[in-house]
Every structure is written in C-alpha cells, then in structure tokens.
Amino acid sequence: MSYQIVDCRSFDAAQLCDALNLAFSDYVTPMHLSVEDFREFQRQRGFSAEHSFVALAQDEIAAFWFSGQPHPEYGNRAYTLSVGTSPEHRRNGLSRQLLEAVIEKQRKEGSKGLQLEVITTNERAVSAYEAFGFHRERTLGVFRLGGTGVLAAKGRDWTAAKIGLDALPHDTSAFFDTLPTPQNSLAALRGLSPDIHLVAVCRADNLLGWGASFADGAVAQIAVHKDHRRKGIGAALLKAIMEAAGKSELRFVNVDAATQSANAFLRQAGAEELLQQYEMQLGF
C-alpha cells in the first residue's frame, strides 16, 4: 500500500482526535479523548499543524507525528506531543517516514532536535525511538497524592493566594533545580489560561514560591525559592491548589527522578509513584 506524507494544516481537531484515539484503541488502557480534550491537549503541548505530519492511505489517516515548534528554552528543540499508527497500518515503516518529514521541516526552522517522553516499561517504543537515534536524557516520575491532612498540618504557617501568570519571574533558576518538561512549562500554562489554578506564597513583596495546576488537578509546577525550602511553603501551596481545583487528589506528571528535593517532598507528603517515563532527545 502506498502512503502520502503531508502536514496537518488541512485537518481539523476532530479528524486528528479520531486518528489518535484509533491509534491507541488497542492499548491496555485505550484512549478516548473528546474533541474538546484534544484541543486542550494541543494547546497545553504546543501543537503546530505546520510541524506535524500524517501518513494518508487514500483519505484515511494511517499514522501521525504531532510536533510543536522549536523552543529556545529547551535548547531550540521541538517537543513531540504524540506518535501513533492505527492497528491495521503498523509495521509499514510509517513512523520513520513521518520522522523524516518532521526533521526536514524542523531543520528549515533552525531546530536543533526533538524531545519526547515514553513510559519506561514500553520497551518496544523505547527501542524504536533509540533505533531512530533518540537517547535517554532523564527519568521522570508520575505521582498521585490524595488527602489534605498531612499538607494542612505542615503548611499551617503560610497562606497561599491566587496570582496571575504575569507575576511569575522571568528567571526561575532560583526556584527550579531542573526545567519542567514542555507540557508543564510556562508556555503550557499560558496555552490553557485562564483554565488553570495558580497560587503563591509571598512575604512582603517577595515571591517565595508558587504552585500551578491544570483544571483536571494535574500539577504543572511547584516552585519554592532555594533559600526558603523545608519551611512548609510547598505544603501550603499543595493544599491551596487542591482547594482551588476542588479535587480530592492531585497528580504530578514528569517529576525529574534526579531532583532529590522534589521527590523527597512528594514522598514525605504521602504521594504514590505510579510509573516512570524516559525523556528522550534526538539532536540534529
């Protein structure tokens, strides 16, 4: 069967959503995104129709490689949102063909590479990306935290208040040990604003820390100034986020496993690690 590789500019969200749901329909946990959920997925992760490609079998989307634009904050690499092939079109080399199209476009835009995340236990996918030239850059944890009892006790000396995105500093090096992954970045928060929850702890006019989550209770950022850690500020931020989101539990996606302070904080708060992902990068 012959396939045509084209970018995504002529496809609407509903068509691309159907292709994604079909590609993951036979997974252990099948994907059933609504079109609105898919639009949020696009905004959060920086989808660019010009930088994303599909493989067409006549008028059917057989496979896709969804990508964003090169991002200066991430070494001018572009983020891969998702890659998938519908069950009946697998083992035809479509992912490699799509990757070649993505790389050609990205190079024209001055991109230095691509990055993505993949679940560590998905050995087939990890091996495929490594065969494409991707390497494992860091390991990321996914956590779940329920209840507010521990957080309320430890954060009682601080009060967190809602703030706007423009109140966050341009230079976050004093707050972050490592960069959030693209789906948790400031750009992702802007993409889904105003449907986010953003709270901060301040003393006088000094910002000591902030926490941000998406509407579904997924925490994008917890940042506490390095000079003010282990004082209950992080706990106060988590409690405020949980209350603002109206959730009984919070999820943390892509916590750098090498960041000891963040992992120790979550475990001490009672968070359970659900799985791990590799952040993988391809340079060119």
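Scroll up for the structure.
Since this is a predicted model, take the numbers as computed values, not measurements.

What counts as what
Residues numbered from 1 in each chain as written. Predicted model: local features only at pLDDT ≥ 70, side-chain atom pairs only at ≥ 80, totals over all residues. Heavy atoms only, no water. Helix = DSSP H or I, 4+ residues; strand = E, 2+ residues; numbered from the N terminus. Contact = heavy atoms within 4.5 Å. Polar contact = N/O pair within 3.5 Å; in protein donor to acceptor, adjacent residues only side chain to side chain. Disulfide = S-S within 2.5 Å. Buried < 20%, exposed > 50% of the residue type's maximum accessible area, 1.4 Å probe, protein only. Patch = residues over 30% accessible without salt bridge, like charges linked within 9 Å, V, L, I, M, F, W, Y side chains within 5 Å. Areas by Shrake-Rupley, 256 points an atom, 1.4 Å probe, with all protein chains shown as cover. Salt bridge = Lys/Arg side-chain N within 4 Å of Asp/Glu carboxyl O. Pairing = 2+ DSSP bridges. Right-handed = clockwise from strand over helix to strand, strands pointing away. Axes fitted to C-alpha atoms, helices over the stretch in contact; angles between N-to-C directions. Parallel < 35°, antiparallel > 145°, perpendicular 65-115°, else oblique. Nonpolar A, V, L, I, M, F, W, Y, C, P; charged D, E, K, R; others polar. Phe/Tyr/Trp six-rings, centres within 6.5 Å; stacked < 30°, edge-to-face > 60°.

## Points about the environment of Glu117
- When you line up the elements, Glu117 lands in strand 5 (residues 113–119).
- The spacing of Glu117 and Gln281 is 164 residues in sequence and 8.9 Å in space, taken between C-alpha atoms.
- Each residue touching Glu117, except ones within four places of it in the same chain, is listed here: Tyr79, Leu140, Thr181, Pro182, Gln183, Asn254, Gln277, Tyr278 and Glu279.
- One polar contact links Glu117 to Tyr79, side chain to side chain, over a distance of 2.6 Å.
- At 3.4 Å, the side chain of Glu117 and the side chain of Asn254 are in polar contact.

## Looking at the state of the cysteines
- Within the structure shown, the criterion is met by zero disulfides.
- Here Cys8 is not disulfide-linked; the sulfur of Cys17 is the nearest cysteine sulfur, at 13 Å.
- For Cys8, a relative accessible area of 1% translates into the label buried.
- For Cys17, a relative accessible area of 1% puts it in the buried group.

## Here's the deal with a nonpolar patch on the surface
- Side chains of Ile119, Leu274 and Leu275 sit close together on the surface and give an oily, nonpolar patch of about 210 Å² of accessible area.
- Inspection of the secondary structure assignment puts Leu275 in strand 12 (residues 272–283).

## Focus: the pairing of strand 4 (residues 77–85)
- Here strand 4 lies mainly inside the structure; nine of its nine residues are buried.
- The pairing of strand 3 (residues 60–71) with strand 4 spans seven bridges and is classified as antiparallel. For His71, the partnering residue across the bridge sits in strand 4 and is Arg77.
- Connecting the antiparallel pair strand 3 and strand 4 is a turn made up of five residues, with Gly75 showing a positive phi of about 65°.
- Here three bridges tie strand 4 to strand 5, and the two strands are oriented parallel to one another. Bridge pairing in strand 5 links Ala78 to Leu114.
- The β-α-β motif built from strand 4, the intervening helix 3 (residues 94–108) and the parallel element strand 5 has right-handed crossover chirality.

## Things to note about helix 2 (residues 35–45)
- Within the sequence span of helix 2, burial applies to Phe38, Phe41, Gln42 and Gln44.
- Buried positions along helix 2 lie against helix 1 (13–23), strand 3, strand 4, helix 6 (186–192) and strand 9 (206–214).
- Two residues or fewer past helix 2, Gly46 is found with a positive phi of approximately 75°.

## A short note on the packing of helix 1 against helix 2
- Two elements in contact, helix 1 and helix 2, have axes whose closest approach is 9 Å; the angle formed by their N-to-C orientations is 95°. The pairing of helix 1 with helix 2 is recorded here as roughly perpendicular in orientation. Listed contacts from helix 2 to Ala13, Ala14, Leu16, Cys17 and Leu20 of helix 1 are Val35, Phe38, Arg39, Phe41 and Gln42.
- In terms of residue class, the contact of helix 1 with helix 2 is made up of eight nonpolar, one polar and one charged.

## Regarding the pattern of salt bridges
- Inspection of the entire model under this criterion finds 16 salt bridges.
- We note a salt bridge from Glu104 to Lys108, for which the minimum N-O separation is 3.8 Å. Taken as a pair, Glu104 and Lys108 lie in helix 3 at a separation of four residues, close to a single helical turn.
- For Lys108, a relative accessible area of 66% translates into the label exposed.
- With a closest N to O distance of 3.9 Å, Asp177 and Lys226 form a salt bridge. With Asp177 in the loop between strand 7 (161–162) and helix 6 and Lys226 in the loop between strand 10 (218–224) and helix 7 (233–245), this residue pair connects regions lying 49 residues apart in the sequence.
- Judged by relative accessible area, Asp177 falls into the partly exposed class, the value being 38%.
- Among the residues examined, Lys226 registers a relative accessible area of 39% and is labelled partly exposed.

## Examining the packing of aromatic side chains
- Counted according to the given criterion, the structure contains twelve aromatic pairs.
- Between Phe47 and Phe66, the aromatic rings sit 5.7 Å apart at their centres with planes inclined by 85°, giving edge-to-face as the arrangement. Placement of the pair is Phe47 in the loop between helix 2 and strand 2 (53–57) and Phe66 in strand 3, with a sequence separation of 19 residues. An identical accessibility class is assigned to Phe47 and Phe66; each is buried.
- An aromatic cluster of three or more residues is present, and its members are Phe38, Phe41, Phe47, Phe64 and Phe66.

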